[in-house]
Amino acid sequence: MNVDIGNALASVASPGVSRESLERLNDQVGDAHERIEQGMADAEHGYEALNLPQRTDPSEIREAVEPVADAETLLTIGIGGSALGAATITDALAAESDTEAIYLDNVDPVWISQHLENRSLENTAINVVSRSGTTAETLANFLVVRDAFESADVDWTERTIVTTGESGPLRNLSDRHDLPSLRVPDGVPGRFSALSAVGLVAAAVCGHDLEALLDGAAAEAETLSGSLFECPAYAYGATTYALDQRGAGINAMVPYAESLETYAEWFAQLWAESLGKDDLGQTPVRALGVTDQHSQLQLYRAGPRDKLVTFVSPGDLADRPIPDTGVDELAYLSDATLADLLEAEFEATEASLAAAGRPNVRVELDGVDEYELGGLLYGMEAACVLAGELYAVNTFEQPAVEWAKKATRGLLGGGDFEEADAVAEKTELR
Ligand code: PA5
């Protein structure tokens, strides 16, 4: 990926960051890079995720999915980091696959039932993913889906792949039924696991090129260096950090391709769960070009000066002409294609923010394919790790998320957790 921070500089934007400030910040980036490199070399928790392009074995994943490679539908059951990386990849590349990839993360009973009713389960495969193997939503949805298979007289044990940690309830269940299973690598937190089996099983079932995904990530890894001026990922991480320090506490991620909408969701999780600590962190917002030009753009251009807008330019997309009608007022459209229109809207929106002095950063892809996606996922993870070093937060923990998980289990009688007692006390007060 390429990153252009020109519209975030103080000479054109407010809040903005001056070139001199970035040069000063670059000393901290150098120190942070040393820390990151050391963490990677020591396979330390979290930093190990940046080693995945070298560590992940695509053939092991392809072998594990072999029994369900014919699936017409893949139900991935997982939540947060155990679903969003996979969904980013398969949604971005959906046009290239004959397998429909569906993600069951929420436990809304109406929504789950809608996904199970009127579905031919013989041609459906199940991909259950949970690092801890204890997440209530994932276990519950798996039990519900399993039951639907049994009711339809389809042997779910022949249609299920499990990806989980070394031990835990999901690992035990997988062993009991002798299911094909893969390990979530040690030292890789959920939201940083897209380039492991966690993200790549679904991609493999959908027939995507795992090697190209990992090659794209490896190429991005090659760019990591001690200078934000030489490394696109660090340029993004350092600029967003600097802008947040100057008042841009909100970061709107706006990809200009429908297929990248899930990527914005993945980014929002990565940014929020990794950096939202110790009263620090930038609030990520998910948006989509061109759709949100007709809604949120008003706020971004004329609302409070507390935002950075990150545009993702997808590069060339498979194009479609706009038909000629012979009507004069519509001639400007038929002289163009849909991709031309999308590009014009991108340029116009970016320029409109720049003209209003609103900071924005452009992330450029060279098309939406496996290689570019691998680079984008890796680049944003590296940006986030760098930003975490600059904020001096623990990027790789998520105590608030864990608190709620324990409270939920405790409330349902799934363990003795003080978090559940706190919820019960609050409820009594109402
Ligand atoms: O990034 C994270 O750590 C979380 O979003 C987890 O991925 C999410 O809570 C699911 O956890 P698990 O994979 O243990 O089911």
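In what follows, the structure referred to is the one given above.
Quick caveat: nothing in here was measured; it's all calculated off a predicted structure.

Reading the values: rules and limits
- Residues numbered from 1 in each chain as written.
- Predicted model: local features only at pLDDT ≥ 70, side-chain atom pairs only at ≥ 80, totals over all residues.
- Heavy atoms only, no water.
- Helix = DSSP H or I, 4+ residues; strand = E, 2+ residues; numbered from the N terminus.
- Buried < 20%, exposed > 50% of the residue type's maximum accessible area, 1.4 Å probe, protein only.
- Contact = heavy atoms within 4.5 Å.
- 1 Å grid on protein atoms, 1.4 Å probe; cavity = no way out; pocket = protein on both sides within 12 Å on 5 of 7 lines; lining within 4 Å.
- Points joined across faces, edges and corners; volume = space filled by probe spheres on them.
- Nonpolar A, V, L, I, M, F, W, Y, C, P; charged D, E, K, R; others polar.
- Salt bridge = Lys/Arg side-chain N within 4 Å of Asp/Glu carboxyl O.
- Lys, Arg positive; Asp, Glu negative; His and termini not counted.

Trainee: How should the environment of L22 be read in this particular structure?
Mentor: Among the structural elements, L22 can be located in helix α1 (residues 19-41). With a relative accessible area of 1%, L22 lands in the buried category. When residues no more than four places from it in sequence are discounted, the contact partners of L22 are I5, L9, V17, L228, F229 and T239.

Trainee: How should I be thinking about the environment of E48 in this particular structure?
Mentor: Looking at where E48 falls in the secondary structure, it is placed in the loop between α1 and α2 (52-55). On the basis of relative accessible area, E48 is assigned to the buried category, the value being 9%. For E48, the contacting residues outside a window of four places in its chain are M40, A43, R55, D186, G187 and V188.

Trainee: What am I meant to see in the layout of surface pockets here?
Mentor: In this approach a probe as big as a water molecule rolls over the atoms, and the regions it shows empty are the leftover space. What the largest pocket holds in volume is close to 810 Å³. Lining of the largest pocket is provided by 34 residues; of these, I79, G80, E273, V401 and K405 occupy positions nearest its centre. Those elements giving two or more residues to the lining of the largest pocket turn out to be β4 (124-130), α6 (136-151), α11 (261-275) and α16 (399-411). Ranked by the residues each element gives to the lining of the largest pocket, the list is headed by α16, at seven residues. Taken together, the residues of the lining of the largest pocket break down into nine nonpolar, 13 polar and 12 charged. Lining the second largest pocket we find 22 residues, and of these A257, E258, S259, L317 and A318 sit closest to its centre. Residue contributions to the lining of the second largest pocket peak at three residues, all from helix α14 (residues 338-355).

Trainee: Looking at this structure, I do not really get the pattern of salt bridges. What am I missing?
Mentor: Two side chains of opposite charge can pair, provided their charged atoms sit close to one another. Applying the stated rule across the entire model yields 12 salt bridges. Note that R362 and E350 form a salt bridge whose closest N and O atoms lie 2.7 Å from each other. Here R362, found in strand β10 (residues 360-364), pairs with E350, found in helix α14; they are 12 residues apart in sequence, far enough to count as distant. Of the two residues examined, R362 and E350, each falls in the buried class. Through salt bridges that share partners, E347, E350, R362 and E364 make up one connected network.

Trainee: Honestly, the side chain of E381 in this entry has me stumped. Any pointers?
Mentor: Positionally, E381 belongs in helix α15 (residues 370-391). In this structure E381 is buried but unpaired, with R191 as the nearest side chain of opposite charge at 9.6 Å. Every residue in contact with E381, bar those within four places of it in the chain, is listed here: A49, L50, R191, F192, A194, W266 and L270.

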